[in-house]
Amino acid sequence: MSGASIIDGKAVAAQVRADIAGKVEALKSAHGFTPGLAVVLVGEDPASQVYVRNKGQQTKEVGMNSIEHKLPDTTSEAEILALVDSLNKDAGVHGILVQLPLPKHVNSEKVLNAIDPAKDVDGFHPVNVGRLWVGEPALAPCTPTGSLILAKSVQENLSGMNAVIIGRSNIVGKPMAALLLRENCTVTVAHSRTKDIQSVVKGADLVVAAVGIAEFVKGDWIKPGAIVIDVGINRVEVPGGKAKLKGDVAFAEAAAVAGAITPVPGGVGPMTIACLLKNTLQAAQMQHGLEITA
Ligand code: GUN
């Protein structure tokens, strides 16, 4: 039996989008401009196509302009860099997202670093990474931002909590550590080389699992009452059936022990695009010298 409350990421994401829609409307009437988000998709990766379609749809739903550039996978690095440069200079574009993965012949780091930090709504540019760590206003990566909002939907004040993040990626683990430090958590970043990871996780009041291994975190690793945020999206083949999505946490076992837990799907996933829109609104406000309300 599940003792944990299940955190409804779809509902929280809908609230975030509704809040953004109101602020976009206010921005339009007070300042006469519409935030614009440009998404660049190179190639035909099926998962990326789905993401990009959803992003476009949700961008329009909150009242922003959606600009999509879909390029063939034969596009050269120089052509992508030229497009990024023109988007950097376009005053109607407040946020730029280059969908990953890029084709193998393209240096992703070079492309991401070419995005104007003021328009870097992914928060991947080293300037934004640095700003986040020193505590300056920064565009922070969307998945950890969404994970933080979900944790705070359970407990607004995270101060003093032992937070254990499993995974040290630039996209999730490291920025999550910065965000949780800012919330005054005591932060541990565990990873594949961590000794006795089970005991480390057992000490956590807040667990953020971002390892990319299905059901890696077991129920008996969880401290009773802990908040568990599962960032994993692992496609697991079911013999004779359709592939199923599994998180990084063994959900049923962990839910029996935790105080609150995010499901997969329906937890962190829906938050990512909502936070991308939040970052786009923030970027637009910053570019116009307005107060940040995003
Ligand atoms: N591909 C999968 N997730 C992401 C993301 O958050 N940002 C970008 N740019 N590409 C992705």
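Just so it is clear, the model here is predicted, and its values are computed rather than measured. (Residues numbered from 1 in each chain as written. Predicted model: local features only at pLDDT ≥ 70, side-chain atom pairs only at ≥ 80, totals over all residues. Heavy atoms only, no water.)

Chemist: Please set out the sheet that holds strand β5 (residues 162–166) residue by residue, giving values where relevant.
Modeler: Sheet architecture is open: 6 strands sit in the order β1-β11-β8-β7-β5-β6, paired in parallel fashion. The open sheet has two edge strands, β1 (5–6) and β6 (186–190), and neither has a second partner. In the sheet, strand β8 (residues 227–230) pairs with strand β11 (residues 260–261) via 2 bridges, with the strands oriented parallel. Along β11, the bridge assignment pairs I227 with A260. The sheet strands contacting helix α6 (residues 142–154) are β7 (206–209), β8 and β11, and the helix crosses β8 at an angle near 155°. (Pairing = 2+ DSSP bridges. Helix = DSSP H or I, 4+ residues; strand = E, 2+ residues; numbered from the N terminus. Contact = heavy atoms within 4.5 Å. Axes fitted to C-alpha atoms, helices over the stretch in contact; angles between N-to-C directions.)

Chemist: Quick rundown of the site of the ligand? Include the residues and the values.
Modeler: The local shell around the ligand consists of Y51, L97, V98, Q99, L100, D122 and F124. Separating a nitrogen atom of the ligand from a backbone N or O atom of V98 is a distance of 2.8 Å. Within the contact set of the ligand, a nitrogen atom lies 3.0 Å away from a side-chain nitrogen or oxygen of Q99. Compared with its free state, where it exposes 280 Å², the ligand has 78% of that area covered by protein. Residue classes in the shell around the ligand are distributed as 5 nonpolar, 1 polar and 1 charged. (Near = heavy atom within 4 Å. Polar contact = N/O pair within 3.5 Å; in protein donor to acceptor, adjacent residues only side chain to side chain. Areas by Shrake-Rupley, 256 points an atom, 1.4 Å probe, with all protein chains shown as cover. Nonpolar A, V, L, I, M, F, W, Y, C, P; charged D, E, K, R; others polar.)

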